[in-house]
Amino acid sequence: MGLSITNFLVTLIIIGVPLLYQLQTVRSEASTATATGGQIVQQICNRAAESISSFDYDFCLTSLQSKGASADIKRLGIIATSSARSKAKDAGKKVDKLLSKSPDDLYVKTRLRDCKEMYSEAMDALKEAERAINSKNYMDGNEYLNAALDSIVTCEDSWQEEPGHVSPLPSDQNQHLEQLCQIGLSITSSLIAPVHLDHDTPDAKPLIMKE
C-alpha cells in the first residue's frame, strides 16, 4: 500500500509540475491580450529602463516598434533576439575587417581575436534563444540570452585589462547588442514570472537577469 502511494505521488509530481508551468505560461501570454502591440512595446521598454540605469528607452522603442508594432509579447521576444543575432554577426564582420589589417599591437590583435570568439558564441546562444522562445520554452530562452550577454560584456571588458588601450570597435556596437539582449531578457522574464502588461498594474516589473 505504501509503495502504491509513493508511486502515485511521484506520478503526480512528474505530471503536475510541467502542467503548472504550462498553465502559468498561458496565463502570462493571455495577460497581454487586452493591450495593443504599441502599448506592450512601451511597457516593456519602460520596465527595462526602470531596472537598468544605462538603458536607452528610445533605442528600445525604435528597435521593437519598427518591426513589431502589432506583435504580441512572444513575437517581440523573437524580434529582439533576432535583431541581436544580426548585430552580433555584423560585429564579427567588423572584427574580421580589423584583423585583416594585421594590427602591430599584440594586445589589440589578441583582444580582437577574443572578441571574434565571443561574438561567435553570442550568435550561437542567440540562435538557441530564438528557437526556445519560438517553442515557448522561455526559461531556456532566458538562459541563452544571459549567455549571449555574458559573451558581449566579456568582449567589452577585455579592453580594460591593460591601461592605455582603447577598443577599436564602434562605441555603440556592444551597447546596442547588450540592450537588445536586455530587452529579450525583460520579455522572457515576464513570460516566466507572469506580469500583466496592461494599465491595471503600472508598478509591476519583470525580472531583469543582467545589467
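Residues numbered from 1 in each chain as written. Predicted model: local features only at pLDDT ≥ 70, side-chain atom pairs only at ≥ 80, totals over all residues. Heavy atoms only, no water.

(A) Molecular detail of the state of the cysteines. Under the definition given, this model contains 2 disulfides. Between the sulfur atoms of Cys45 and its disulfide mate Cys60 the distance is 2.0 Å. Between Cys45 and Cys60, the S-S dihedral sits near -80°, and the bridge is therefore left-handed. On the criterion of sequence distance, the pair formed by Cys45 in helix 2 (residues 37-51) and Cys60 in helix 3 (residues 57-68) is long-range, its members being 15 residues apart. Judged by its relative accessible area of 0%, Cys45 falls in the buried class. The side chain of Cys115 participates in a disulfide bridge whose partner is Cys155; the two sulfur atoms lie 2.1 Å from each other. (Disulfide = S-S within 2.5 Å. Helix = DSSP H or I, 4+ residues; strand = E, 2+ residues; numbered from the N terminus. Buried < 20%, exposed > 50% of the residue type's maximum accessible area, 1.4 Å probe, protein only.)

(B) Inspection of helix 4 (residues 73-100) at higher detail. Between the first and last C-alpha of helix 4 there are 41 Å, a value that for 28 residues agrees with the 40 Å anticipated at 1.5 Å per step. Of the residues trailing helix 4, Ser102 is marked for its positive phi of about 50°. (Expected span 1.5 Å × (residues − 1).)

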